[in-house]
Amino acid sequence: MDLLNSLNDKQREAASHDKGPVLVIAGAGTGKTRVLTHRIAYLIKTGKAHPREILSITFTNKAANEMKERIGQLIDYNIDRMWIGTFHSICVRVLRKNIEKIGYDKNFVIYDTDDQKLLVKDCIKEMDLDVKKYNVNAIRSRISNLKNSRISPDKFINDNYTDFYLRNVGELYSLYEKKMKISNALDFDDLLIKTLSLFENNKDVLLDYQDRFKYVLVDEYQDTNRVQYLLVRMIGKKNNGESNVFVVGDEDQSIYGWRGADIHNILDFEKDFKGAKVIKLEQNYRSTDIILNAANSVIKNNSQRKGKNLWTDFEEGELIRVIEVDNEKEEAFMIASSILKEIKNDLSYSNMAILYRTNSQSRALEERLIREGIRYKIVGGLKFYGRKEIKDIIAYLMLVQNPKDNISFRRIINVPRRKIGKKTIDTIQTYANNNELSLFEAAYEVRQMELTSSAVKSVEKFISIIELLMVKKDAMSLSEFMQAIYEDTGYKAMLESEDTIEGRSRVENVNEFFSAAVDFEERYEQNTLEDFLAHISLLSDVDKTDEKANDCVTLLTVHSAKGLEYDVVFIAGLEEKMFPIIRDNDGDDEDIEEERRLFYVAVTRAKKTLYLSFANERMVFGNHMYRTKSRFINEIPFEYLDVEEERTYVSKTKQKKQETKELFKGEIDLFSDIKPKYEENNKKTDKLCMGDKVKHKAWGIGTIVQMKGEGEDTMVTIAFENKGIKTLMLSFAPIEKA
DNA sequence: CGATACGTCCTTTTT
DNA sequence: GGACGTATCG
């Protein structure tokens, strides 16, 4: 069949497999997405399955969309009725239809990690516990772990009755669950767990889905957790003993153990699904021989693996460049310089990525990239949807969608200011707690509470605003409704009256959010408010990055980089305690193995060129900390490395650094056509000051609203008339006094 | 009630 | 070095 002609033998064997469970062990870059898309196309084209009989689970929505597209290119069938998406989005789909069967309202909302934290905080306060002893984040992740292990609050409390601290953790867990229920809200874990219990308690519902989905495919199987495994088994294993479960994964790329992912799911697949066929894909089509050998040498230090060895037909390629620097600023400098050098080799920015272990590393890199005029985009980190103004608008949306949502209620009852202060809110909260009501329900009975008449009036006014919006919701399209929210609540007036730099950039953000809603409306048929809310809360960081931002260097964590590839990859911060991250007193072997897998993932993102950098000193919380080279660099055989840079940096005197800077300066200037001469610019520092009008080459006229730093490090924030607020390095910005 | 001023904690990684 | 919470004052 010519559909499968372009595949190699192993890939074809997997794609054309008929009935029965299959585990495809697919090393990095061995074409697993090809196998998945071709398999689906094959199933449909040969008539083995109708699109609606296929359930395909991916790790991100982006991966789902790409797969859909690629299948569409392979065959000429309508595949809209196929289910493809992340575990979470598929569970939402199931729950929207069936959640009433397990005692929730259909209009439930999804709480993200921030919402969860607020809720945990509430619980700690309500139980009058010491905030210092009960760390919100620790409790939150503990609750998450317990939920995923399916340990109930009662059981946990009983098991730990003699331990004061743990017993309280159990009580917090219990209270948290109670509050979630009152708010008719589900957290990320609930989406999976509630689906599981729905299936367990309603066999008929489960049977429907078992019947429907003849073929179940799961990508990134190594990163599934216990609950996800159970879901796959439930839907995949039919009553007649048949199970057409097709999972693809790579135990060497299992990097979500901390989130409950269980590497044993993939290691034990053959036990779990009797008669499973195992197919190994070992030919890599991505990286050079040297990069691959380096990756292999590192990962073989792990014990928890099935074992495989990637190989390639590709040429040997370049040596891996190791860069040793003094600190994170120099690291950023060296990376930026190397990017500019690579640009010379006909590579574009979009072919390059900088990977790091923690999001906080992006700042130093970013500063340098701005300074060198290198376009970049950051995946994750400062999250658009995490901004106050966006969260506020979302809270309004969520409250109208589900009035029981207490977290959202609290968030916006006094934003914009409505003269409803802490005391009033506490009173409502107490009343709500005593009567087992949600805050919104309690607010209706505000007259029964001991409050001043003006407070009562303010609360009632707030209620009527929300009530009106609830009516409007059903009469308007999503985007119209969002506009109504913005105006009716007074939020728009609040932002516009602010008239500060931040205020204006908030207006811009809100507008951007609205255009995202319009976009959503046009793109999807299912485009109600609840669809939109589910959509935005389930987007992954990778999903959120702007595809349209063209020709940019990508900055992202190694976790976010999973599944992606670039010609040139920089891995930054390769120091002990950084990558691998080792927290003070736990030297768990399993943790180190996961870190090593993470490094393996990072290395195998590179197609042609790989840079590894480490700093001898790094700022942590504003303290200088000495660092040593990561063990992972030492695990790569020396013959694959080019450590020349090390010699450049043998001396740590300032003079030596100057020399290196000089060395790169000439090259940098070659490419910086938008960057005027450095010296000339430096003089601007003296001339310009706050409030001055300036003219920018690209952005036109603007006003300086902030200046930070001195001399060549001065940063200016300029409010442009049409282009918004930008922060620039004064010494490099193409601006002049207007 | 709300604005401002300082102290404390923190950081893995994300659906 | 920054987000967030508490203290203090207008």
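Above this text sits the structure in question.
Bear in mind that the values here come from a model prediction, so they are computed numbers and not experimental data.

Caption draft 1: Spatial organisation of the protein's contact with DNA strand B. Contacts to DNA strand B come from 26 residues, most closely from Arg357, Arg417, Gly421, Ser540 and Arg583. The share of sugar and phosphate among atoms of DNA strand B within 4 Å of the protein is 57%. Within the contact set of DNA strand B, a base oxygen lies 3.3 Å away from a side-chain nitrogen or oxygen of Trp258. Interatomic distance of 3.4 Å between a side-chain N/O atom of Arg259 and a sugar or linking oxygen of DNA strand B. Its residues assigned to classes, the surface near DNA strand B shows five nonpolar, 13 polar and eight charged.

Caption draft 2: Looking closely at a negative patch on the surface. Taken together, the side chains of Glu315, Glu316, Glu318 and Glu639 define an acidic patch exposed on the protein surface. In this structure Glu318 comes out as partly exposed when scored by relative accessible area, which is 40%.

Caption draft 3: How the structure looks around the pairing of strand β3 (residues 83-86). Relative to β3, strand β2 (residues 54-58) runs parallel, the two being bridged by four bridges. If you follow Leu55 over to β3, its bridge partner there is Trp83. Running through helix α3 (residues 61-74), the crossover from β2 to the neighbouring parallel element β3 is right-handed.

Caption draft 4: Just the pattern of salt bridges, in detail. Inspection of every chain in the model, using the stated rule, returns 47 salt bridges. Linking Asp159 and Lys155 is a salt bridge whose minimum nitrogen-to-oxygen distance equals 2.9 Å. Residue Asp159 and its partner Lys155 are both found in helix α7 (residues 153-159); the two are separated by four residues, about one turn of the helix. One salt bridge connects Glu575 with Arg618, and the closest N-O pair in it is separated by 2.7 Å. Here Glu575, found in the loop between β13 (566-571) and α28 (589-603), pairs with Arg618, found in strand β15 (residues 617-620); they are 43 residues apart in sequence, far enough to count as distant.

Caption draft 5: Highlighting helix α25 (residues 529-537). Of all the nine residues making up α25, seven are buried; the element is thus mostly covered by neighbouring parts of the structure. Considered for burial, the residues of α25 that qualify are Leu529, Asp531, Phe532, Leu533, Ala534, Ile536 and Ser537.

Caption draft 6: Structural view of the packing of aromatic side chains. As enumerated under the stated definition, the model contains 21 aromatic pairs in all. Seen in terms of ring centroids, Phe269 and Phe273 are 4.7 Å apart; in terms of plane orientation they differ by 25 degrees. Their pairing is stacked. On the basis of relative accessible area, Phe273 is assigned to the buried category, the value being 0%. Ring centres of Phe579 and Phe632 lie 6.1 Å apart, and the angle between their planes is 85 degrees; on these two criteria the pair is classed as edge-to-face. Note that Phe579 is positioned in the loop between β13 and α28 and Phe632 in helix α29 (residues 631-634), a separation of 53 residues in sequence. Exposure class is identical for Phe579 and Phe632. Each is buried. Residue placement shows Arg96 over the ring face of Phe108; its charged tip is 4.1 Å from the ring centre.

Caption draft 7: Geometry of the environment of Asn137. Looking at the element boundaries, Asn137 is found in helix α6 (residues 136-148). Judged by relative accessible area, which is 39%, Asn137 ranks as partly exposed. As for Asn137 and Asp114, which are separated by 23 residues in sequence, their C-alpha atoms are 10.0 Å apart.

Caption draft 8: Structural detail: the sheet that holds strand β14 (residues 606-615). Overall, parallel pairing links the seven strands, which are arranged β11-β12-β10-β13-β14-β9-β17 in an open sheet. In this open sheet, the two strands that pair with only one neighbour each are β11 (376-378) and β17 (641-642). By the bridge criterion, two bridges tie strand β9 (residues 320-325) to β17 in an arrangement that is parallel. Bridged to Arg321 within β17 is Asp642. Against the sheet, helix α14 (residues 289-299) touches β9 and β14, its axis set at about 55 degrees to β14.

Caption draft 9: Structural detail: the nonpolar core. With 73 residues, the main nonpolar core has Leu397, Phe462, Phe513 and Phe532 as its most contacted residues. The element contributing the most residues to this core is helix α17 (residues 388-401), with nine residues. Once you skip the residues sitting within four places of it in the chain, Phe462 turns out to touch Tyr396, Leu399, Phe409, Ile412, Ile413, Arg418 and Ile420.

Caption draft 10: The sheet that holds β2, seen in detail. Pairing is parallel across the open sheet formed by six strands, whose spatial order is β3-β2-β6-β7-β1-β8. Bordering the open sheet on either side are β3 and β8 (277-281), each of which pairs with just one other strand. Strand-to-strand twist in this sheet, taken as the mean axis angle between neighbours without regard to direction, amounts to 15 degrees. With four bridges joining them, strand β1 (residues 22-26) and strand β7 (residues 245-249) adopt parallel strand pairing.

Caption draft 11: The arrangement of a positive patch on the surface in detail. A contiguous patch of positive charge, built from Arg226, Arg233, Lys237 and Lys274, is present on the exposed surface. When you line up the elements, Arg233 lands in helix α11 (residues 226-236). Judged by relative accessible area, which is 32%, Arg233 ranks as partly exposed.

Caption draft 12: Main features of the packing of helix α4 (residues 87-98) against helix α9 (residues 188-201). In contact at an axis separation of 9 Å, α4 and α9 are set at 55 degrees when each is read in the N-to-C sense. Viewed along their axes, α4 and α9 adopt a mutual orientation that is oblique. The hand of the α4/α9 crossing is left-handed. Taking contact as the criterion, the partners of Phe87, His88, Cys91, Val92, Val94, Leu95 and Asn98 in α4 are, on α9, Phe188, Leu191, Leu192, Lys194, Thr195, Leu198 and Phe199. A class-by-class count of the residues in the contact of α4 with α9 yields ten nonpolar, three polar and one charged.

Caption draft 13: Representation of unusual backbone geometry in the model. Looking along the chain, the bond that leaves Val415 and enters Pro416 is cis, with omega of 0 degrees. Looking at the element boundaries, Pro416 is found in the loop between α18 (406-412) and α19 (422-434). Here the bond from Phe579 into Pro580 is cis, since omega is 15 degrees, no more than 30 degrees from zero. Relative to the assigned elements, Pro580 resides in the loop between β13 and α28. Phi at Glu220 takes a positive value of approximately 50 degrees, unusual for a residue other than glycine. Mapped onto the secondary structure, Glu220 falls in the loop between β6 (215-218) and α11. In this structure, Lys419 is a non-glycine residue whose phi angle is positive, near 60 degrees. Position of Lys419 among the secondary structure elements: in the loop between α18 and α19.

Here is what the cut-offs are and how they apply
- Residues numbered from 1 in each chain as written.
- Chains lettered and ligands numbered in written order.
- Predicted model: local features only at pLDDT ≥ 70, side-chain atom pairs only at ≥ 80, totals over all residues.
- Heavy atoms only, no water.
- Near = heavy atom within 4 Å.
- Polar contact = N/O pair within 3.5 Å; in protein donor to acceptor, adjacent residues only side chain to side chain.
- Nonpolar A, V, L, I, M, F, W, Y, C, P; charged D, E, K, R; others polar.
- Patch = residues over 30% accessible without salt bridge, like charges linked within 9 Å, V, L, I, M, F, W, Y side chains within 5 Å.
- Areas by Shrake-Rupley, 256 points an atom, 1.4 Å probe, with all protein chains shown as cover.
- Salt bridge = Lys/Arg side-chain N within 4 Å of Asp/Glu carboxyl O.
- Lys, Arg positive; Asp, Glu negative; His and termini not counted.
- Charge placed at Lys NZ, Arg CZ, Asp CG, Glu CD.
- Buried < 20%, exposed > 50% of the residue type's maximum accessible area, 1.4 Å probe, protein only.
- Pairing = 2+ DSSP bridges.
- Helix = DSSP H or I, 4+ residues; strand = E, 2+ residues; numbered from the N terminus.
- Right-handed = clockwise from strand over helix to strand, strands pointing away.
- Phe/Tyr/Trp six-rings, centres within 6.5 Å; stacked < 30°, edge-to-face > 60°.
- Lys NZ or Arg CZ within 6 Å of the ring centre and 35° of its normal.
- Contact = heavy atoms within 4.5 Å.
- Axes fitted to C-alpha atoms, helices over the stretch in contact; angles between N-to-C directions.
- Core = buried A, V, L, I, M, F, W, Y, C linked by side-chain atoms within 4.5 Å.
- Parallel < 35°, antiparallel > 145°, perpendicular 65-115°, else oblique.
- Left-handed = near helix turned anticlockwise from the far one by under 90°.

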